[in-house]
Every structure is written in C-alpha cells, then in structure tokens.
Amino acid sequence: MSRSDCKPFADTYDYRLLRRSVLIPDGVEDTSLRTDGPFAYRHLDECLDLIGEYIEIVARFEVVGYMGHLG
C-alpha cells in the first residue's frame with residue numbers, strides 16, 4: 001500500500017492505544033506521528049560517511065521507525 005493510500009487510516013487510528021504500548025515523549029503530538037520523515041529512510045552508511053572524520057564508531061544501531069517531531 002502506498003503512503004498516500006495509507007494516510008486516510010491515520011484519521012481513525014487509536015493513538016491512545018499506541019501510547020499505552022510504546023513509550024512516546026509527551027512533547028510528540030499525534031499529528032506529528034502522522035507525518036512522514038523521509039530522512040529516516042537514508043541508508044546509515046551514507047550518513048556515517050558524511051561525518052566520518054568527526055566521529056568514532058563504538059556501537060551501531062539501525063533505524064527501526066520514525067516517531068515524529070519534538071515540538
């Protein structure tokens with residue numbers, strides 16, 4: 001299902017149930033959870049290559065989801 005086809009489902013989604021199941025900071029609004037974060041889909045290696053001279057990798061984690069904007 002495309003992202004645009006999924007957007008109408010967000011109108012009836014139970015965000016209270018989600019917040020009981022997943023720890024989401026109070027500063028993240030439900031409307032923010034509905035937004036798409038395209039930057040979350042960038043491959044980690046590409047990002048690390050951009051900042052490689054400034055960092056030392058001691059552990060590596062992968063993006064598993066986008067939680068919205070803190071506002």
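Here, the structure is the one placed above.
Source: prediction; values computed, not measured. (Residues numbered from 1 in each chain as written. Predicted model: local features only at pLDDT ≥ 70, side-chain atom pairs only at ≥ 80, totals over all residues. Heavy atoms only, no water.)

Engineer: Help me out: how do you make sense of the overall build of the protein chain in this one?
Structural biologist: For the protein chain, the count of helices and strands is four helices and zero strands. Reading the helices (α) and strands (β) of the protein chain from amino to carboxyl end gives α-α-α-α. Classification of the 71 residues of the protein chain by burial places 14% in the buried group. Residue pairs in contact within the protein chain that sit at least 24 positions apart in sequence constitute 54% of those at least 6 positions apart. Carbon and sulfur atoms provide 57% of the accessible area of the protein chain, an area that totals close to 6400 Å². (Helix = DSSP H or I, 4+ residues; strand = E, 2+ residues; numbered from the N terminus. Buried < 20%, exposed > 50% of the residue type's maximum accessible area, 1.4 Å probe, protein only. Contact = heavy atoms within 4.5 Å. Areas by Shrake-Rupley, 256 points an atom, 1.4 Å probe, with all protein chains shown as cover.)

Engineer: How do you make sense of the nonpolar core when you look at a structure like this?
Structural biologist: One broad rule of soluble globular proteins: the nonpolar side chains tend to lie buried together. Core analysis: the largest hydrophobic core is formed by five residues, namely Ala 10, Tyr 15, Ile 24, Val 28 and Leu 33. Leaving out residues up to four positions away in the same chain, Ala 10 has contacts with Tyr 15 and Arg 34. (Core = buried A, V, L, I, M, F, W, Y, C linked by side-chain atoms within 4.5 Å.)

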